[in-house]
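# Survey of secondary and tertiary structure
This is what each chain is made of:
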Amino acid sequence: MNLLRTTLIASAIAATFSAPLALAQTTSAAAPKLKVGLMLPYTGTFAALGNAIENGFRLHVAEQGGKLGGREIEFVKVDDESDPSKATDNVNKLIKRDNVDVLVGTVHSGVAMGMAKVAKDTGTLLIVPNAGADIVTGAMCAPNIFRSSFSNWQPGYAMGEVMAKKGLKKVVTITWKYAAGDESVKGFKESFEKSGGKVVKELSLPFPGVEFQALLTEIAATKPDAVFTFFAGGGAVKFVKDYAAAGLKKTIPLYGSGFLTDGTLEAQGADADGLMTALHYADSLNTPRDNAFRLAYAKAYKLQPDVYAVQGYDAAQMLAAGLSAVKGDMSKKAELSAAIENAKINSPRGPFTLSKAHNPVQDIYLRQVSGKENKVIGIASKGLVDPARGCKS
Ligand code: PHB
């Protein structure tokens, strides 16, 4: 065989074998971006909450160089307007029109229930970064449904124990009439009455109403030892201001789930001073993890973070835990789910794990407002596990 022929054969062989390799390299370099569907409220009483969640989520992605599990992240956004009647259409748009790989949403419990139904039916991965609807990690629990936040039962239950220990006996509750309000009050009542207290009146108004006057008059006439409440966002700002303006703050102590005073203190001003609430985050944790998070968040957005920012950040951490276990391959559903389920999330709130039903097992802090901060004054409940009633998985 002459030299020229030998060389030609050798290069032909090399070309044959290297072609698929070159192709494979090109394919992996151009791995499609991972589409994250953000379904959040960007208008209405919860608009600030939706923005904080998105900011937190993006911060974690940015800290990972824009990639999770080796895949670049692309966002598709929908404003859900905290409107449950539009939930199914909105979530279907993200799944069918935009072909998102994962759903992240939302704030409002009623909308989240609509999302969870579609996620369950389609098998799309859903991470809930706020809405506490008990059923999402209760009867609707599923391998592909996770929550980075809390169940409505959790802060309510923790506060019931605290208020009973304070020796309070007669309490009036006031909230919006929808899942989050009803379930916060139910959680509160469960522990408060178990410890000897009595809920003497349950007041409510439709979401997102802020006509509190008649209800405040009723509270004044009932003269309870204290009031327990769930309000959040713009509604919480107005409620705290109206409660003080009605002269009730001096006579009937106001307690709540911590959403009452989270992300709201600038607007509430002195009217929020001294209020005690229970929540899985606070402004003064002063741990190296939280300090680093708060600094990075403030640098990126020129804003102080709140519980919603933390929940968004942790939703991204949960997705990252799943994606890195499957090296970005979303088709490995069981492996991805197991990795999220078994992850220990290094959250700014403190490390947490997930229950079998995929809700955080976490400390609930007792906080008091002081100088525009929710300061930790104790632990209301250590490692509180949602009972996940109705979850069969
Ligand atoms: C809810 O609807 O589940 C909800 C909304 C706002 C909060 C907390 C819970 O701050």
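## Here we look at the domain arrangement of the protein chain
Under the domain assignment used here, the protein chain contains domain 1 (1-30), domain 2 (34-150 + 285-358) and domain 3 (153-279). One C-alpha centre belongs to domain 2, the other to domain 3, and the line joining them spans 28 Å. Taken together, the contact between domain 2 and domain 3 spans 16 residues of the former and 18 residues of the latter. When domain 2 packs against domain 3, the two sides together hide about 1200 Å² of surface, and 64% of this comes from carbon and sulfur. Contact with domain 3 buries area across many residues of domain 2, yet Thr45, Asp134 and Phe150 alone supply 40% of it, more than any other trio. Counting the contacts that link domain 2 with domain 3 gives 0 salt bridges. Counting across the domain 2 and domain 3 interface gives 5 residue pairs in polar contact (both at pLDDT 80 or more).

## Quick look at the pairing of strand β11 (residues 276-279)
What you see with β11 is no split at all: Met276 and Ala278 on one side and Thr277 and Leu279 on the other are buried throughout. Pairing of strand β10 (residues 254-257) with β11, which is carried by 3 bridges, proceeds in the parallel orientation. Each bridged residue has a counterpart across the sheet, and for Tyr255 the counterpart in β11 is Met276.

## Quick look at the confidence of the model for the protein chain
Should pLDDT be low for a region, the predicted coordinates there are not to be read in detail. Chain-level statistics for the protein chain give a pLDDT mean of 94 and a share of 92% at 70 or above. Mean pLDDT values for the elements of the protein chain range from 42 in helix α1 (residues 3-29) up to 99 in strand β7 (residues 170-176). Confidence over residues 1-28 falls short of pLDDT 50; this stretch has 2 contacts with residues more than four positions distant or in other chains.

## What to know about the pairing of strand β8 (residues 198-205)
In the case of a regular strand, side chains alternate between the two sheet surfaces. The pairing of β7 with β8 spans 7 bridges and is classified as parallel. In the strand pairing of β8, Thr175 is matched with Ser204.

## Some details on the site of the ligand
Near the ligand, the surroundings consist of 16 residues, among which Ser109, Gly132, Tyr178, Ala232 and Tyr308 are the closest. Here an oxygen atom of the ligand sits 3.3 Å away from a polar atom, N or O, in the main chain of Val107. Here an oxygen atom of the ligand and a side-chain polar atom of Ser109 are 2.6 Å apart. Relative to its unbound accessible area of 280 Å², the ligand is 100% covered by the protein chains. Summarising the domain contributions, the shell around the ligand has at least three residues from each of domain 2 (34-150 + 285-358) and domain 3 (153-279).

Rules of the game
- Residues numbered from 1 in each chain as written.
- Predicted model: local features only at pLDDT ≥ 70, side-chain atom pairs only at ≥ 80, totals over all residues.
- Heavy atoms only, no water.
- Domains from an automatic or database assignment.
- Contact = heavy atoms within 4.5 Å.
- Buried area = accessible area lost by both parts, 1.4 Å probe.
- Salt bridge = Lys/Arg side-chain N within 4 Å of Asp/Glu carboxyl O.
- Polar contact = N/O pair within 3.5 Å; in protein donor to acceptor, adjacent residues only side chain to side chain.
- Buried < 20%, exposed > 50% of the residue type's maximum accessible area, 1.4 Å probe, protein only.
- Helix = DSSP H or I, 4+ residues; strand = E, 2+ residues; numbered from the N terminus.
- Pairing = 2+ DSSP bridges.
- pLDDT = per-residue confidence, 0-100.
- Near = heavy atom within 4 Å.
- Areas by Shrake-Rupley, 256 points an atom, 1.4 Å probe, with all protein chains shown as cover.

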